[in-house]
Amino acid sequence: MKVVVAGGSGFIGRRLARRLVDRGDHVTILTRNPDRPAEEGLKWAAYGDGPFDADVVVNLAGENLFGKRWSQKQKAVMRKSRVDQTAALVARMASEPRPKVLVQASAIGFYGDRGDEMLDEASKPGAAGVFLTDVCRDWEMAARAANDYGVRVVLLRIGVVLGPEGGAVKAMGTPFRFFAGGPVGSGRQWMSWVHAEDLVGLVLHCVDNEDTSGPINGAAPNPERMNAFCKALGRAMGRPSWLPVPGFVLRVMLGEVATVLLGSQRVLPKHAEVSGFVFRHPDLGEALKDLLGR
Ligand SMILES: NC(=O)c1ccc[n+]([C@@H]2O[C@H](COP(=O)([O-])OP(=O)(O)OC[C@H]3O[C@@H](n4cnc5c(N)ncnc54)[C@H](OP(=O)(O)O)[C@@H]3O)[C@@H](O)[C@H]2O)c1
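Here is a short report on the structure shown in this document. (Residues numbered from 1 in each chain as written. Predicted model: local features only at pLDDT ≥ 70, side-chain atom pairs only at ≥ 80, totals over all residues. Heavy atoms only, no water.)

Moving on, we get to the overall build of the chain. Within the chain one finds 10 helices and 13 strands. Overall size of the chain, expressed as C-alpha extent along the three principal axes, is 55 × 40 × 40 Å. Each of the 294 residues in the chain was classed as buried or not, and the buried ones make up 52%. Once local pairs closer than 6 in sequence are excluded, the contacts in the chain between residues at least 24 apart make up 77%. Of note, the chain has its 38 positive side-chain charges centred 7 Å away from the centre of its 32 negative side-chain charges. (Helix = DSSP H or I, 4+ residues; strand = E, 2+ residues; numbered from the N terminus. Buried < 20%, exposed > 50% of the residue type's maximum accessible area, 1.4 Å probe, protein only. Contact = heavy atoms within 4.5 Å. Lys, Arg positive; Asp, Glu negative; His and termini not counted. Charge placed at Lys NZ, Arg CZ, Asp CG, Glu CD.)

Taken together, the side chains of Phe179, Trp242 and Leu243 make up a nonpolar region of the molecular surface, amounting to roughly 310 Å² of accessible area. Position of Trp242 relative to the elements: it lies in the loop between helix 6 (226-237) and helix 7 (247-254). Residue Trp242 is classed as partly exposed on the basis of its relative accessible area of 48%. (Patch = residues over 30% accessible without salt bridge, like charges linked within 9 Å, V, L, I, M, F, W, Y side chains within 5 Å. Areas by Shrake-Rupley, 256 points an atom, 1.4 Å probe, with all protein chains shown as cover. Salt bridge = Lys/Arg side-chain N within 4 Å of Asp/Glu carboxyl O.)

Bringing unusual backbone geometry into the picture now. Glu96 connects to Pro97 through a cis peptide bond whose omega is -10 degrees. Position of Pro97 relative to the elements: it lies in the loop between helix 2 (72-91) and strand 5 (101-107).

Time to look at the packing of helix 1 (residues 11-22) against helix 5 (residues 196-208). Packing of helix 1 against helix 5 leaves a shortest axis separation of 10 Å and a crossing angle of 60 degrees. In terms of axis orientation, helix 1 runs oblique to helix 5. Of the two possible hands of crossing, helix 1 and helix 5 adopt the one that is right-handed. Judged by residue contacts, Ile12, Arg15, Leu16, Arg19 and Leu20 of helix 1 engage Ala196, Glu197, Leu199, Val200, Gly201, Val203 and Leu204 from helix 5. (Axes fitted to C-alpha atoms, helices over the stretch in contact; angles between N-to-C directions. Parallel < 35°, antiparallel > 145°, perpendicular 65-115°, else oblique. Left-handed = near helix turned anticlockwise from the far one by under 90°.)

Another point: the layout of surface pockets. Counted as a void, the second largest pocket has a volume near 230 Å³. If you go around the second largest pocket, you meet 17 residues; those closest to its centre are Val4, Thr28, Lys43, Asp53 and Ala54. Looking at the lining of the second largest pocket, the elements with two or more residues in it are strand 1 (2-6), strand 2 (26-30) and strand 3 (42-45). Ranked by residues supplied to the lining of the second largest pocket, first place goes to strand 2 with four residues. (1 Å grid on protein atoms, 1.4 Å probe; cavity = no way out; pocket = protein on both sides within 12 Å on 5 of 7 lines; lining within 4 Å. Points joined across faces, edges and corners; volume = space filled by probe spheres on them.)

For the rest of this paragraph, the subject is the site of the ligand. The full set close to the ligand counts 25 residues, and Ser9, Ile12, Thr31, Arg32 and Arg82 are the nearest of them. One of the side-chain nitrogen or oxygen atoms of Arg32 is found 2.8 Å away from an oxygen atom of the ligand. Its free accessible area being 880 Å², the ligand has 83% of it covered by the protein chains. For the shell around the ligand, the secondary structure elements donating two or more residues are helix 1, helix 2, strand 5 and strand 8 (160-163). In terms of residue count, the dominant contributor to the shell around the ligand is helix 2 (four residues). Here the shell around the ligand is built from residues that sort into 11 nonpolar, 10 polar and four charged. (Near = heavy atom within 4 Å. Polar contact = N/O pair within 3.5 Å; in protein donor to acceptor, adjacent residues only side chain to side chain. Nonpolar A, V, L, I, M, F, W, Y, C, P; charged D, E, K, R; others polar.)

It is worth spelling out the sheet that holds strand 5 at this point. Spatially, 3-2-1-4-5-7-11 is the arrangement adopted by the seven strands of the open sheet, whose pairing is parallel. Sheet topology places strand 3 and strand 11 (214-218) at the edges, where each strand pairs with a single neighbour. The mean angle between the axes of side-by-side strands here comes to 20 degrees, regardless of whether they run parallel or antiparallel. Along the sheet, helix 1 contacts strand 1, strand 2, strand 3, strand 4 (56-59) and strand 7 (152-158); its crossing angle with strand 2, the most-contacted strand, is approximately 160 degrees. (Pairing = 2+ DSSP bridges.)

Next comes the structure, spelled out in structure tokens:
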């Protein structure tokens, strides 16, 4: 298949591109910096306009949430790189040839801060007025517009992705390496995590499975509370988890982005499981061992 991956140069995209190329698909990564050497089965391209000559479009683009403090200006960049960019991709699907499917990244931030409530794809969005919840809702709405052109749309609500070379393990693992790791906030908030390999597997499952459409949670079946997550991370790294960082300190240190770490989302991958997807790493301790043991 011909697969276009917008934002495919990042943490998730590079892994996805590798898997697609390995199985014989032809991948074009859309990027703001297309001057990169092509590899076998993979080329780089600027965003451009006009219809897509592709069977599949996967959209992973988005300004990193943890890169900078959330000023009004930075929030506008984070929003535009998701909502406006998705709308621009969908506009290109207005005329033939069209892709059969759009697999669109969204995030579990869609659900907001929900305490111990179990959340599946039928759960309501979080309260309006919370930045990330609003962005996820509008991001999904922009992608859904492709339905009008007969394109199958999958909305992947991604949890905290764990990979060896980036993401949460790297960010949270660094203080642990220096014996200074521990939970943030009350530690009772739920963290819905997913092994990067499973997330990429789920994207492929959504691409290949024509019955899959609409929202699908990209989170492992066993979410953990922050306390348990940090204990497991400490154990996997051979370090103690002992230095809790209170929520108010985190808010002062990081600003509004702290809401991402302090909010609670107990997300279950109901749609993925019903559609026959099997998680290879359903258990956090094993997943961390797999990632850190490499
Ligand atoms: N990783 C996670 O734990 C996680 C969790 C939930 C949701 N997600 C969502 O899943 C998607 C992929 O995640 P990821 O971790 O792979 O992301 P990432 O590595 O931070 O970034 C993905 C790509 O987005 C493009 N990008 C960055 N800033 C941009 C901007 N201002 N305008 C346009 N494009 C921009 C970049 O491509 P170029 O520089 O090549 O243009 C980058 O490689 C993101 O939208 C993210 O919000 C991720």
